[in-house]
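Structure at a glance
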Amino acid sequence: MDEARAREILAEAGLRAADAALLALGENAVFALGDLVVKVGRDAELLPRAEREIALAGWLEKAGIPAVRAAEPVPRTAGGHPVTLWHRLPEAVRPAEPRDLAPLLRAVHALPEPAGLALPRRELLGGVERWLRLAGDAIDPADAAFLRERRDSFAPAAARLVPHLPPGPIHGDALPRNVHVGPDGPVLVDLETFSCDLREHDLVVLALSRDRYGLDPAAYDAFTAAYGWDVREWEGCAVLRGARETASCAWVAQHAPTNPKALAEFERRVASLRDGDPEVRWYPF
């Protein structure tokens, strides 16, 4: 689905495609349209997720969690694609920081599993095979085999983890980019990866950002101080981190056939994992 097709779907859904401004084009095409944000799913398989995301927004609203709110109670469908409408947030007053994320996670992590709404497990490693398959001959077969072996070793280890925190609802992609700081304070956005699993999943994300992606250690310390605990103190942290690193590496591989920078980054990441070096910097591409 490219932008032109996404605009056709908007029109088929009864929306003013000509007035829509494209905000992002990934698994969803995201448009601003007046006081709304409209998300067009890439294919029909995303309909159940779109339905769950709307239901989650309603649940979070009832729980008093600052989060995006759906403008319609069910997705529209057009050309087999789910189309969801959301209330547009006010302009951000500043970029979100890790310390803005912490109180939102604390609030989510205090919630019980929603009644009548089944949340999936957070399957970090579920996409590894598909991403490696999409990479094809662009990557060294030995690297693909290495990642499959890592996946197969981390999956049972993750299943045996004893959590420090009570399991339950998690955001699933807990990064500052999924927080919007408006005039009334931080708001949680992007509910697509909400799951029911170890709460530590949400905390390992920023620990890995500190060690691999250049997050300022002081910003990480502000996050842990605001949350009230540092996941690196937990003996299971290395297992969740290893699983996430494996998935992140395989995710880059799918872009290697068409993007030389992605191939170079994939090779950097695999080499750091082979060398057992936890501090080699990883980069976007």
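On a predicted model such as this, the values are computed, not experimentally measured, just so you know.

On to the environment of leucine 132. Inspection of the secondary structure puts leucine 132 in helix H4 (residues 128–135). Assessed through its relative accessible area of 3%, leucine 132 is described here as buried. In sequence terms leucine 132 and alanine 253 are 121 residues apart; their C-alpha atoms lie 6.2 Å from each other. Not counting the four nearest positions on each side in its chain, leucine 132 is found in contact with Ile139, Ala144, Leu147, Arg148, Ala250 and Ala253.

With that out of the way, let us pick up the packing of helix H3 (residues 98–109) against helix H7 (residues 217–227). Two elements in contact, H3 and H7, have axes whose closest approach is 8 Å; the angle formed by their N-to-C orientations is 30°. One element, H3, and the other, H7, form an angle in the roughly parallel class. In this structure, H3 crosses over H7, and the sense of that crossing is right-handed. Note on element contacts: H7 touches H3 through Ala219, Ala222, Phe223, Ala226 and Tyr227, opposite Pro98, Arg99, Leu101, Ala102, Leu105, Arg106 and His109. Of the residues that constitute the contact of H3 with H7, the class distribution is nine nonpolar, one polar and two charged.

Let us now look at H3. The end-to-end C-alpha separation of H3 is 16 Å, in line with the 16 Å expected for twelve residues at 1.5 Å each. Along H3, the residues classified as buried are Pro98, Asp100, Leu101, Ala102, Leu104, Leu105, Val108 and His109. Against strand S6 (168–170), strand S7 (179–182), strand S8 (185–188), helix H6 (200–212) and H7 lie the buried residues of H3.

It is worth spelling out the UniProt feature "domain: Aminoglycoside phosphotransferase" (unreviewed entry) in the chain at this point. Mapped onto the present numbering, the UniProt feature "domain: Aminoglycoside phosphotransferase" (unreviewed entry) falls at residues 28–236. Each end of residues 28–236 is marked by a C-alpha atom, and these two atoms are 33 Å apart; helix forms 38% of the span and strand 17%.

With that out of the way, let us pick up the pattern of salt bridges. Counted according to the given criterion, the structure contains 24 salt bridges. Linking glutamate 8 and arginine 5 is a salt bridge whose minimum nitrogen-to-oxygen distance equals 3.0 Å. Linking glutamate 8 with arginine 5, this pair stays in helix H1 (residues 3–12), spanning three residues, or about one helical turn. For glutamate 8, a relative accessible area of 43% corresponds to the partly exposed category. Arginine 151 is the salt-bridge partner of glutamate 129, the closest N and O atoms lying 3.1 Å from each other. In this pair, glutamate 129 is assigned in helix H4 and arginine 151 in helix H5 (residues 141–159), connecting sequence segments 22 residues apart. One network of salt bridges, in which partners are shared, links Arg210, Asp211, Arg212, Arg241 and Glu245.

Our next topic: the nonpolar core. With 70 residues, the main nonpolar core has Leu147 and Val231 as its most contacted residues. Ranked by the residues each element gives to this core, the list is headed by helix H8 (residues 237–253), at nine residues. Among residues more than four places away in sequence, those in contact with leucine 147 are Leu132, Thr246, Cys249, Ala250, Phe266, Val270 and Leu273. If you look at the next biggest cluster of nonpolar residues, it comprises 16 residues, including Ala6, Leu10, Leu15 and Val38.

Basis of the calculations
Residues numbered from 1 in each chain as written. Predicted model: local features only at pLDDT ≥ 70, side-chain atom pairs only at ≥ 80, totals over all residues. Heavy atoms only, no water. Helix = DSSP H or I, 4+ residues; strand = E, 2+ residues; numbered from the N terminus. Buried < 20%, exposed > 50% of the residue type's maximum accessible area, 1.4 Å probe, protein only. Contact = heavy atoms within 4.5 Å. Axes fitted to C-alpha atoms, helices over the stretch in contact; angles between N-to-C directions. Parallel < 35°, antiparallel > 145°, perpendicular 65-115°, else oblique. Left-handed = near helix turned anticlockwise from the far one by under 90°. Nonpolar A, V, L, I, M, F, W, Y, C, P; charged D, E, K, R; others polar. Expected span 1.5 Å × (residues − 1). UniProt positions renumbered as here; feature names shortened; annotations may be inferred. Salt bridge = Lys/Arg side-chain N within 4 Å of Asp/Glu carboxyl O. Core = buried A, V, L, I, M, F, W, Y, C linked by side-chain atoms within 4.5 Å.

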